[in-house]
Structures are given as C-alpha cells and as structure tokens.
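Coordinate analysis (summary)
Listed here are the chains, written in short residue letters.
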Amino acid sequence: MTLSTTRNDLDQADYDDVLRRLSEASVDKHFDPYVDIAWDSPEFAVTPNDPRWILNPQDDPLGSHPWYQALPDEKKIEIGMWRQANVAKVGLQFENILIRGMTQYVFSLPNGSAEYRYCTHECIEEGNHTLMFQEMVNRIGVDAPGMGPVLRGLSPFIPLAAGPLPELFFVGVLAGEEPIDHIQKTFLRGSGNMHPIMKSVMAIHVAEEARHISFAHQYLNRRVPQMSRVGRFALSIAMPITMRILCDAIVVPPKSFWKRFDIPKSVRKELFWGSPETRAMLRNYFGDVRMLAQDAGLMNRFSKRVWKACKIDGDVSRFRSEPVRRAA
C-alpha cells in the first residue's frame, strides 16, 4: 500500500472483499429445488384434510384471530392452504421483478466489477427460488393470484429504477425480502407441525436470502453516504414508505381471498393492522431495516415521522436477524 492510497480506496477494497466472500459462498453452498426437495416422496404429498396446513397462532395474524379459530378444521385447512400458496406466489412474483432489476443494474457495470459477479449469482439463486415457489403453488393446487392488480400492473416498470435510481431499487429489494425473511424465520423457529413442503422451501429460502439481504445492506451502507444531501434526504423519506407498501403487498391477502372465504370486514381490519398484537408484528418485521437506516444516515427527524406515520417505527436491531425478545 502506497502513501497515496485514500480512505475511499480502502473502503472499496473492503467492500470488494465482502462481495468476493458472498460470491464464493454462493458457489460453495447453493441449492437446486429439484435436487434438494423430495417433491415426489410420499411424505411430501398434499392430501385433503391435512391439519399441518392450519395456520399457527404464533406465526400468522389470521391464525390467532378468534374468527379463524372458531372455524371447523376443514375450513381452517382450506384457508391455510390458500394463504400459504398466495404468499409463495407473491414471493415468486417479487423475485421475478428483482431479477429483472438486477440484470438491468449489472448491464452497465465495468469489467472487473465484484458487484457484477455477486449480483449474477444472486439472479441465479432467485431464479431457482421462483421455480421452488411455483412448484409449491402447483402442488398445493390453489389458483393463487399473488400480488394485487396495482403492483402487477406496475411490475414491468419497477425494474427500470435499477438503472437511474439504484439506491431506491435496493431499498425496494429489502422491502420485499425483509418481511418474508422475518416471517419464515418465525415459522422455522416455532414449534408448529409444518407440512414438509413448506419447511423445505422456507429452509432453502432463508439460507440463501441471508446472502441477498447482506449484500443489500452492504450496498446501501456504501452507496448512501456518497449521495448528495438532497438525494439522501429524499431516500430517507422514500425508505419507510417503500417498506410499508411492499410489506402490505406481500403479507396482506388480495381482495379475492376475503371474498372467497366470506371473511368479515371487521376481521380484516383487526388482522392488518388494527389490533395491538398485529401492529407489534408489523413493527417487528423492520428492526433490521431501521438499523440499516440508522447506520447509513437515513434516519433523521423528518424520516422518523414518516416511519411513525407508516406504523413501522420501533426498536433498532442490535445485530442482523436479532430475535424479538426485548419486549418480553
């Protein structure tokens, strides 16, 4: 190292080293959904009246609601299967948007870029996730629509932001990845008796999403301080809004769900997000993102008000994937 080496050069070297290690991890430990999931084994069969599809009260807002708990088991199973199929469908639609945006981003990267290699590894893994989620939907046998019509209509245009507004695009990436990651980790940590299809899909997704989320955190921590003051302020305001919009798109079922199962409006209001318990659940999805916003300089007195208005303010995680224990 020469005396002329700048602090920015050192930061770039550290950043490239992190990306190299993430890329090597993608080579050393990756999954193929048609090799690592035994779809055709008898224990993976989707059969009628399987109680393992009943929603767990600790894992899903609907599963804890008295209206759902009062239903006969047959109806609980039907609702649970539709719910899980739709979450998987939303997941694959989101991954599809992410892949298109990521390929848009890497198109203009220079030769030798560490980001090019890592982002391409991520695209390959996300492609496998779309196959895995779609196979799960097909096996469950529910014609789940996934996202609502507005986001489906905007899906051709969202990836275009990755070119001129990459920081905002990667905020959107986290807005889709963090809630699903939090939910799936809660499922896997719980003691519920999950169907093996769900357990296998979630285990693979959580393992590989850890790298994807880590990259988005590293990317924003590096890029945000280099933005102009105006750009950084605008992103600080856009961040909580993006988080809330995409979280609702992933977690809240579409209108067809409420209509199909004749669920009262009062139940819907309490579930998303009208009760103290569900509001706490919503806030808990974003502890890691609030930590990122604070570390990257995106938490200021104005943006804090937006986080609060979006009802996703709260404690900042002390480390990534910190379990929610402090409230207890």
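For the structure itself, look to the data block above.
Position numbers for residues count from 1 along each chain, tracking the sequence in the order it is written. For a predicted model such as this one, the threshold for reporting local features is a pLDDT of at least 70, and the threshold for listing and counting side-chain atom pairs is 80 or more; totals across whole chains, interfaces and linings nevertheless cover every residue. Water and hydrogen atoms play no part in the side-chain values, which are based on all heavy atoms of the structure.

1. Some thoughts on the overall build of the protein
In this text, helices come from DSSP runs of H or I with a minimum length of four residues, and strands from runs of E with a minimum of two, each type numbered from the N-terminal end. Scanning the protein for helices and strands turns up 14 helices and 0 strands. Seen in sequence order, the protein has helices and strands lined up from the N terminus as α-α-α-α-α-α-α-α-α-α-α-α-α-α. Here the globule rule is a power law, 2.2 Å times the number of residues to the power 0.38, and the radius of gyration is based on C-alpha atoms. For the protein, the C-alpha radius of gyration of 20 Å lies close to 20 Å, the compact-globule estimate for 328 residues. Once the C-alpha set of the protein is aligned to its principal axes, its extents read approximately 75 × 45 × 40 Å. Working definition of accessibility: Shrake-Rupley area with a 1.4 Å probe, residue cover restricted to the visible protein chains. As displayed, the protein has an accessible area near 16200 Å², and 55% of this comes from carbon and sulfur atoms. Counting rule applied: Lys, Arg positive; Asp, Glu negative; His and chain ends not counted. The location of each charge is read from NZ of Lys, CZ of Arg, CG of Asp or CD of Glu. Each charge sign in the protein was given a centre, from 40 positive and 39 negative side chains, and these centres are 8 Å apart.

2. What to know about the environment of V90
Inspection of the secondary structure assignment puts V90 in helix α4 (residues 73-106). Along the backbone, V90 and G148 are 58 residues apart, and their C-alpha atoms lie at a distance of 9.1 Å. Once residues within four sequence positions are removed from consideration, V90 is found in contact with G146, M147, A249 and I250. Contacts are assigned to residue pairs with any non-hydrogen atoms lying within 4.5 Å of each other.

3. A short note on helix α8 (residues 196-223)
The periodicity of an α-helix, 3.6 residues per turn, causes residues three or four places apart in sequence to face the same way. The span you would expect from a helix comes to 1.5 Å times its residue count less one. In this model α8 runs 40 Å from its N-terminal to its C-terminal C-alpha over 28 residues, within 8% of the 40 Å that 1.5 Å per residue would give. When the local axis directions of α8 are compared, the greatest deviation, roughly 30 degrees, occurs at E209. Each residue is assigned to one of three classes by its accessible area relative to the maximum for its type, calculated with a 1.4 Å probe on protein chains only: buried under 20%, partly exposed between the two thresholds, exposed over 50%. Burial analysis of α8 places 20 of its 28 residues in the buried class, which makes it a mostly covered element. What the bend at a residue measures is the angle between two axes, fitted to the seven residues ending there and to the seven starting there.

4. Things to note about the packing of α4 against helix α7 (residues 166-189)
As a packed pair, α4 and α7 sit with axes 11 Å apart at the nearest point and diverge in direction by 150 degrees. As the angle between them shows, α4 and α7 are arranged roughly antiparallel. Seen along the crossing, α4 lies across α7 with a hand that is left-handed. Taking contact as the criterion, the partners of Q84, G91, F94, L98, G101, M102 and Y105 in α4 are, on α7, P166, F169, F170, G172, V173, G176, E177, I180 and F187. The angle between two axes is taken between their N-to-C directions and runs from 0 to 180 degrees, where each axis is a line fitted to C-alpha atoms and a helix contributes only its stretch in contact. The scheme is simple: roughly parallel for angles under 35 degrees, roughly antiparallel for over 145, roughly perpendicular for 65 to 115, oblique for anything else. Left-handed describes a crossing whose near helix is turned anticlockwise from the far helix through less than a right angle; right-handed describes the clockwise counterpart.

5. Observations concerning the nonpolar core
Ranked by internal contacts, the top residues of the largest apolar core, which has 96 residues, are F170, F215, M239, M243, Y285 and F286. Top contributing element to this core by residue count: α4, with 15 residues. Beyond its immediate sequence surroundings of up to four residues, Y285 is in contact with E178, P179, H182, I183, C247, V251 and W273. The term nonpolar core refers to a set of buried residues drawn from Ala, Val, Leu, Ile, Met, Phe, Trp, Tyr and Cys, joined through side-chain atoms within 4.5 Å.

6. Remarks on the environment of P66
Within the secondary structure, P66 sits in helix α3 (residues 66-69). When the C-alpha atoms of P66 and V267 are compared, they prove to be 9.1 Å apart, with 201 residues separating the residues in sequence.

7. Quick notes on a nonpolar patch on the surface
Residues V150, L154, F157 and L160 make up a contiguous nonpolar surface patch of roughly 420 Å² in combined accessible area. In this structure, F157 sits in the loop between α6 (149-154) and α7. Its relative accessible area of 54% is what places F157 among the exposed residues. In this scheme, patches are assembled from residues that exceed 30% relative accessible area and form no salt bridge. Like charges are connected within 9 Å, while nonpolar side chains (Val, Leu, Ile, Met, Phe, Trp, Tyr) are connected within 5 Å. By definition here, a salt bridge exists when the distance from a side-chain nitrogen of Lys or Arg to a carboxyl oxygen of Asp or Glu is within 4 Å.

8. Points about a positive patch on the surface
A contiguous patch of positive charge, built from K255, K265, R268 and K269, is present on the exposed surface. Here the element with the most residues in the positive patch is helix α11 (residues 265-274); it accounts for 3 residues. Turning to its location among the elements, K269 is positioned in helix α11.

9. Observations regarding the side chain of E126
Locating E126 in the fold gives a position in helix α5 (residues 114-140). Of the side chains with opposite charge, R211 comes closest to the buried, unpaired E126, at an N-O distance of 9.8 Å.

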